[in-house]
Structures are given as C-alpha cells and as structure tokens.
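Residue-level structural notes
Below are the chains, spelled out letter by letter.
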Amino acid sequence: MIDEKCYDYKVTAAGRVNVIGEHVDYCGGKVFPAALSLCNTVYVRPNGTDKINLSWTTLPDRVSLDINELGSYKGLKYGNYQAGSALMWKNAGHKLVGCDMLQICKVPFGSGLSSSAAIEVSTISALATVAGEKFNPIEVALLAQRAERDFVGVNCGIMDQYASACGKRGHAILLDCKTLEREYVPFALGDYELVIINCNKPHSLVQSKYNERRAETEYALNALQKELDIGCLADLSVEDFYDYSRLLSGKVLDRARHVVEECERVSEAVKAMKKGDMLGLGRLLTASHKSLKDLYEVTGEELDTLASLAWKHPACVGSRMTGGGFGGCTISLVEKDGVVDFEKYVTEKYTEKIGYAPTANKSEIGDGITVTKIEK
Ligand code: GLA
C-alpha cells in the first residue's frame with residue numbers, strides 16, 4: 001500500500017501504442033500514436049537536500065542521485081532514465097530541487113509500448129512540479145527524447161515522448177514529426193477493438209539494431225539528395241521515389257521504400273479511421289507489418305507468428321507489430337464479439353509454436369501527462 005499523503009504530488013505520463021507510421025518519425029514522417037491509460041506514476045515531495053532519492057514499488061533497490069553529479073549515472077541499472085531526464089531538464093536551464101520520488105510503472109518493460117518514454121516524461125514533469133514550475137508538455141517531450149538519445153544511447157525519434165506527454169483521452173494523435181504540428185483524431189473503431197498482445201520475447205540487441213536502421217535511412221537520404229532537393233525521406237512522394245530509386249540499392253533501397261510507402265499508409269489510415277472504414281484500416285495495418293518484416297526487417301519470428309495467427313482469425317481484419325520491433329507487441333483490429341475467441345486462439349497457437357505464452361494487455365486510450373496535488 002502506498003501512503004499517498006506522504007507525498008505532495010502525483011504525476012503520471014502515458015505509455016503509447018502506435019496505430020501506424022512505424023520507423024518514419026526520424027525520417028520526418030507523420031505518425032499516428034495514442035497514449036495509453038497504462039502509465040508511469042511518480043509520487044513526489046521536496047526533501048530539502050541536493051539529492052533525488054528514487055524508490056519503486058516493484059524493486060527493492062533505492063537510488064540516490066546527486067543533482068550536481070547527474071552526468072555520472074549512465075551505467076546505473078535502475079535510475080539511469082531518471083538521471084538522464086533530470087540532467088536534460090537542468091541543462092535546459094530549469095531549476096532542480098532535491099526530492100523523494102516513488103515510481104510505479106504499469107507499462108510493461110520491453111513491450112514496445114514506451115515504458116521508457118513514460119518514465120522520462122513523468123520524471124521531468126514531476127521535477128518541474130516539485131520545483132514550482134509550470135511546464136510545457138512539448139518541451140518536456142523534446143527533453144525526454146534528448147535523454148533517450150544522449151544519455152541512454154537510443155537515437156530515437158520524437159513519437160514516443162510526444163505521445164506520452166501530449167496524448168488525449170479517447171484520441172489518437174496525427175503528428176507531423178517534421179513540424180510537430182498535430183491533429184487529435186477521435187479513436188473511433190465502431191464495432192471493433194484494438195487488441196494489444198505482447199510476444200514476450202526476451203530483449204536483445206534492440207538498441208544497436210534500431211540505431212543501425214536509422215543510419216541506413218540517413219544513408220538513403222544522402223544518396224537521394226545528390227539529385228533531389230529534399231530535407232528528409234518523408235518529403236518524397238511514392239512516385240518520385242520510384243523515379244529516383246536507381247540511386248539506391250540493396251538493403252538501403254528496401255529501407256527507404258518502407259519509409260516512403262509507410263508515410264502514404266498513414267494518410268490512408270487516418271482517412272479510414274475518420275470514415276469508420278475498419279476493413280480499410282485493417283488492410284493498412286497488415287500491409288504495414290509485411291513491409292516492416294520484408295523491407296525494414298524489424299519483426300522476427302515471435303512478432304511474425306502473432307501477426308500471421310491474427311490474420312487467420314475470422315474476427316480480425318488486420319494486425320501489425322507496434323513500436324520499434326524486434327520484440328514487443330502486436331496490435332490487431334478485432335470485431336468486439338470475437339475478441340475472447342481471438343485471444344484464446346492466438347495464445348494457444350503461439351504458445352504451441354514458440355514455447356511460451358504471449359500476454360494480452362488491457363488498456364484504454366488515455367491522457368498524456370497528468371498532475372494531481374495531493375490533499376492532506
Ligand atoms: C521506437 C522509437 C520511436 C520510433 C519507433 C518506431 O519506439 O522510440 O521514436 O522510431 O521506435 O516507429
């Protein structure tokens with residue numbers, strides 16, 4: 001039991017699911033994520049020292065971070081995300097005060113649902129709140145992204161931290177990652193439900209593979225810029241891409257093709273959701289997965305098994321991996337009446353083939369950051 005009254009504020013930031021637009025955020029593309037009610041919660045109170053004392057409900061460890069030594073905590077097993085986030089907030093000119101933080105993460109780790117973004121964004125928001133500062137969620141997202149890049153070492157795009165900070169209950173966010181313009185689109189699926197299933201693959205080499213993909217897209221961009229006046233891969237229409245694809249070859253060509261076609265799928269998917277065309281949306285989800293498997297090569301046996309089982313079930317109209325890939329979750333668009341049978345079927349067949357069970361995650365589409373003052 002947590003004694004809430006020991007703390008001054010409760011701050012939360014969301015995990016996220018990405019409906020479509022995968023591996024395009026760092027290429028200036030549009031993405032279509034939604035914040036989840038699964039979130040990281042931080043209880044915080046000032047402690048009058050120059051230490052940030054961290055504890056977790058799920059870990060026996062206690063970690064104390066010296067506000068003046070934040071750069072020295074990169075190697076920490078627990079607490080490095082918080083240290084990196086605090087450092088980026090401080091380096092951006094904000095005030096840090098010593099505080100005690102109790103953290104509770106309900107976003108499963110390694111699930112592709114952005115537990116790391118939820119931790120970074122909630123930590124920064126809690127630090128700002130306890131120092132008496134009003135904060136801008138977009139700045140928090142950008143600094144959280146910087147923590148992930150410069151401190152944790154994943155050269156990520158802005159999607160996860162943005163969705164974690166700026167999500168809106170009941171809505172997906174159409175986010176242009178080049179301009180940060182956004183549109184909230186009602187997350188309306190009619191008679192369908194978005195079923196999130198974690199393949200539970202143990203994590204390995206995710207960071208280095210992610211950074212490698214990102215470098216490949218940069219290589220593709222440089223090659224195309226020899227003849228084209230574009231600032232990012234997302235500036236390229238599908239037609240232009242085919243006209244100039246002779247400038248690329250091998251894997252780099254495949255990676256760029258995924259990006260350009262996925263950007264097109266995002267626009268189509270948003271139209272489909274607005275029209276209530278669930279069959280159309282489902283087809284786009286499935287096409288996205290196939291491209292992530294064959295062209296971008298970020299799926300793997302476990303995610304491919306989950307997706308292909310989903311495609312076989314009569315209540316499902318489309319399924320794909322969500323997030324960075326190499327493990328984590330799939331999302332499937334499933335008729336409400338068929339969800340129970342769908343989950344049973346996928347769980348049984350997956351376990352038979354892979355040797356361990358997947359997990360279905362239940363979540364609503366929730367808000368980004370929330371701050372509550374605790375009344376004593
Ligand atoms: C991870 C990154 C995001 C994004 C996705 C893939 O979640 O943090 O920036 O690139 O992978 O779409």
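Heads up: the structure comes first, above all this text.
Model, not experiment: these values are computed from the prediction.

Helix and strand counts for the protein stand at 10 helices and 13 strands. In terms of C-alpha radius of gyration, the protein reaches 21 Å, essentially the compact-globule figure of 21 Å for 376 residues. Expressed as lengths along the three principal axes of its C-alpha atoms, the size of the protein is roughly 60 × 55 × 40 Å. Per-residue burial over the protein gives 57% buried out of 376 residues. Carbon and sulfur atoms form 49% of the exposed surface of the protein, whose accessible area is close to 15,700 Å². Both charge centroids of the protein, one from 44 positive and one from 50 negative side chains, sit 2 Å from each other.

Backbone geometry places His-23, a non-glycine residue, at a positive phi of 60 degrees. Note that His-23 resides in the loop between strand S1 (9–18) and strand S2 (30–31). Phi is positive for Ser-114, which is not a glycine, with a value near 65 degrees. Mapped onto the elements of the fold, Ser-114 is located in the loop between strand S6 (99–105) and helix H2 (115–130). On the basis of relative accessible area, Ser-114 is assigned to the buried category, the value being 8%.

The next thing to look at is the site of the ligand. Taken together, Arg-16, Glu-22, His-23, Asp-25, Tyr-26, Cys-156, Gly-157, Met-159, Asp-160, Tyr-210, Gly-323 and Gly-324 make up the full set of residues adjacent to the ligand. In the environment of the ligand, an oxygen atom lies 3.1 Å from a nitrogen or oxygen atom belonging to the side chain of Arg-16. Within the contact set of the ligand, an oxygen atom lies 2.6 Å away from a side-chain nitrogen or oxygen of Glu-22. The protein chains hide 92% of the 310 Å² of surface that the ligand would expose on its own. Residue classes in the shell around the ligand are distributed as four nonpolar, four polar and four charged.

Applying the stated rule across the entire model yields zero disulfides. Its sulfur unpaired, Cys-105 is 8.2 Å from the next cysteine sulfur, which belongs to Cys-39. Summary of cysteine pairing: Cys-316 is not part of a disulfide, and the nearest cysteine sulfur, belonging to Cys-329, is at 15 Å.

Attention now goes to the sheet that holds S1. As summarised here, the arrangement of the six strands in space is S5-S4-S6-S3-S1-S13, forming an open sheet in which the pairing is mixed. At either end of the open sheet lies a strand with only one pairing partner, and these are strand S5 (62–66) and strand S13 (370–373). Strand-to-strand, the axes of this sheet are offset by a mean angle of 25 degrees, without reference to chain direction. Pairing geometry for strand S4 (residues 51–56) and S5, over five bridges, is antiparallel. Its bridge partner lying in S5, Ser-55 is registered against Arg-62. Helix H1 (residues 80–91) rests against S4, S5 and S6 of the sheet, and its axis sits at about 145 degrees to S4. Running at roughly 130 degrees to S1, helix H4 (residues 159–166) makes contact with S1 and strand S3 (33–46) of the sheet.

This paragraph deals with the environment of Val-97. Note that Val-97 resides in the loop between H1 and S6. Residues Val-97 and Ile-67 lie 30 residues apart in sequence; the distance between their C-alpha atoms is 8.0 Å. In this structure Val-97 touches Ile-67, Val-130 and Ala-131, once residues within four positions along its chain are discounted.

Okay, a negative patch on the surface next. Taken together, Glu-239, Asp-240, Asp-243 and Glu-264 make up a surface patch of like negative charges. The element best represented in the negative patch is helix H6 (residues 238–244), accounting for three residues. Turning to its location among the elements, Asp-240 is positioned in helix H6. Using a relative accessible area of 32% as the deciding quantity, one classes Asp-240 as partly exposed.

Here we take up the nonpolar core. Ile-52 and Met-101 are the most contacted members of the largest nonpolar core, which has 88 residues in total. Tallying contributions element by element places helix H3 (residues 137–152) first for this core, with seven residues. With residues near it in sequence (within four places) discarded, Met-101 still touches Val-42, Tyr-43, Val-44, Ile-52, Asn-53, Leu-54, Ser-55, Thr-123, Ala-126 and Leu-127. Formed by 34 residues, the second largest nonpolar core is a distinct cluster that contains Leu-38, Leu-174, Tyr-192 and Cys-329.

Looking now at the packing of helix H8 (residues 278–294) against helix H9 (residues 301–312). Relative placement of two packed helices is described by the angle separating their axes and the distance separating the axes. Between H8 and H9, the shortest axis-to-axis distance is 11 Å and the interhelical angle comes to 150 degrees. Taken together, H8 and H9 sit at an angle that is classed as roughly antiparallel. Seen along the crossing, H8 lies across H9 with a hand that is left-handed. Residues Thr-286, His-289, Lys-290 and Lys-293 of H8 pack against Leu-303, Asp-304, Ala-307 and Trp-311 of H9. Among the residues forming the contact of H8 with H9, the class breakdown is three nonpolar, two polar and three charged.

What counts as what
- Residues numbered from 1 in each chain as written.
- Predicted model: local features only at pLDDT ≥ 70, side-chain atom pairs only at ≥ 80, totals over all residues.
- Heavy atoms only, no water.
- Helix = DSSP H or I, 4+ residues; strand = E, 2+ residues; numbered from the N terminus.
- Rg over C-alpha atoms; globule rule 2.2 N^0.38 Å.
- Buried < 20%, exposed > 50% of the residue type's maximum accessible area, 1.4 Å probe, protein only.
- Areas by Shrake-Rupley, 256 points an atom, 1.4 Å probe, with all protein chains shown as cover.
- Lys, Arg positive; Asp, Glu negative; His and termini not counted.
- Charge placed at Lys NZ, Arg CZ, Asp CG, Glu CD.
- Near = heavy atom within 4 Å.
- Polar contact = N/O pair within 3.5 Å; in protein donor to acceptor, adjacent residues only side chain to side chain.
- Nonpolar A, V, L, I, M, F, W, Y, C, P; charged D, E, K, R; others polar.
- Disulfide = S-S within 2.5 Å.
- Pairing = 2+ DSSP bridges.
- Axes fitted to C-alpha atoms, helices over the stretch in contact; angles between N-to-C directions.
- Contact = heavy atoms within 4.5 Å.
- Patch = residues over 30% accessible without salt bridge, like charges linked within 9 Å, V, L, I, M, F, W, Y side chains within 5 Å.
- Salt bridge = Lys/Arg side-chain N within 4 Å of Asp/Glu carboxyl O.
- Core = buried A, V, L, I, M, F, W, Y, C linked by side-chain atoms within 4.5 Å.
- Parallel < 35°, antiparallel > 145°, perpendicular 65-115°, else oblique.
- Left-handed = near helix turned anticlockwise from the far one by under 90°.

Shape is all these values report; function is a separate question.
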